[in-house]
Amino acid sequence: MPRRALPSGPSDGQAERFYRELQQRGIRVRVGMEATGYSRWFERLPAELGFEVWMGDPAEIKAKRVKKQKFDREDARLLLRLTRENNFPQVWVPGPENRDLRQLLWHRHRMVQMRTRIMNQLQALAVNEGYRWKKKLFSEQGRAQVEKLALAPWASRRRQELLELLERMNPTIKELTAAVEREARKRPEVLRLMTHPGVGPLTALAYVLIIGTPTRFQRGKQIGTYVGMIPCEESSAHKQRLGHISKQGNSLLRFLLVEAAQAAARIHPDWRRRYKRLAMRRHKSIAKVALGRRMAIKLYWMWRNGWEYSQSVKCGSYAGQLGIVHGVK
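Criteria and cut-off values
Residues numbered from 1 in each chain as written. Predicted model: local features only at pLDDT ≥ 70, side-chain atom pairs only at ≥ 80, totals over all residues. Heavy atoms only, no water. pLDDT = per-residue confidence, 0-100. Contact = heavy atoms within 4.5 Å. Buried < 20%, exposed > 50% of the residue type's maximum accessible area, 1.4 Å probe, protein only. Pairing = 2+ DSSP bridges. Helix = DSSP H or I, 4+ residues; strand = E, 2+ residues; numbered from the N terminus. Right-handed = clockwise from strand over helix to strand, strands pointing away. Patch = residues over 30% accessible without salt bridge, like charges linked within 9 Å, V, L, I, M, F, W, Y side chains within 5 Å. Areas by Shrake-Rupley, 256 points an atom, 1.4 Å probe, with all protein chains shown as cover. Salt bridge = Lys/Arg side-chain N within 4 Å of Asp/Glu carboxyl O. Lys, Arg positive; Asp, Glu negative; His and termini not counted. Charge placed at Lys NZ, Arg CZ, Asp CG, Glu CD.

Explain the confidence of the model for the protein here, please?
Interpreting fine coordinate detail is not advised for predicted regions of low pLDDT. The predicted model of the protein has a mean per-residue pLDDT of 87, with 92% of residues at 70 or higher. Here residues 1–6 is a poorly scored stretch, pLDDT under 50, and it has 24 contacts once near neighbours within four places are set aside; other chains count. Segment residues 317–329 is flagged for pLDDT under 50; beyond a separation of four residues in sequence, or across chains, it makes seven contacts in the model.

Structure (structure tokens):
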């Protein structure tokens, strides 16, 4: 079943009737489909009926298309041919528990984004009245001063409703954060990754859930590609052309890695030195992304080798000294 050729939805029941008839007739099938969004219901359907489901990499499937024709029937033929030839580019698919925990991370992330927008609007109201309180605006004294501002009727209503929304969102975000911390404490690998400077429960849990298992990758550099933190490249002959980062990976993990890298640069001298050196050579934004990619690779090796951060630094710091082979005593 190709991408964009899925049935209209589970409500009409056509897909379920089709596959249930196959099951009743004793026909065993293998379903191959491109990885795409809004297809979770269809992934569950064949799996519940005992059929094998293969999820394919859209980029690799596109590269195997010879004809410059893109329509549903031709896509189905291509997937069928790749399946018969045992050349189907399967991708790793997370389990139901993994996907449900990802919803927790996404929900908290979106709620924090909504709270940030509300706080920015309140800051704008205060600045329009000539007050620049910044973080002090959201303290008890700052809120009292905001409520005392003499505003026009509609501006006053906007202020009041924004403050009410902020009051309702803070307990929800606090509850979601506590749930993330509980899930992080259940996993030893997450606790191990949290020993890295700048990495908290949210970043460590997201890293473990999205990467899945370190054995999927043969080397650390593949993590940067998977997360989408390597530059796009269009090189030819002796000319190398590098563009912006590919952004092909999970956007939430990429965001958290950059945020964690900035936190590490603030609190840890080694990471601060790396950040300043990169920022002087290139640009601050490029330095942040480069540190995020470096952190992703570092977390990969910590997870794969079962190291805490202090162990990984120790093994790396002794590399190349006399009497020590490959940095290990």
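What exactly am I supposed to notice about unusual backbone geometry here?
The phi angle of most residues is negative, glycine excepted, and most peptide bonds adopt the trans form. The phi angle at Asn 86 is positive, at roughly 55°, despite the residue not being glycine. Taking relative accessible area as the criterion, Asn 86 reaches 63% and is therefore assigned exposed.

Can you help me understand the pairing of strand β2 (residues 52–56) in this one?
Side-chain positions along a regular strand alternate between the two faces of the sheet. In this sheet, β2 lies alongside strand β1 (residues 30–34) in parallel orientation, the contact comprising five bridges. Its bridge partner being in β2, Gly 32 is matched across the sheet by Trp 54. Note that the unit made of β1, helix α2 (residues 40–48) and β2 has a crossover that is right-handed.

What is the right way to look at a positive patch on the surface in this model?
There is a patch of like positive charges on the surface, built from Arg 277, Arg 281, Arg 282 and Arg 294. Structurally, the position occupied by Arg 281 is in helix α12 (residues 269–281). A residue is classified by how much of its surface remains accessible, and Arg 281, at 59% relative accessible area, is exposed.

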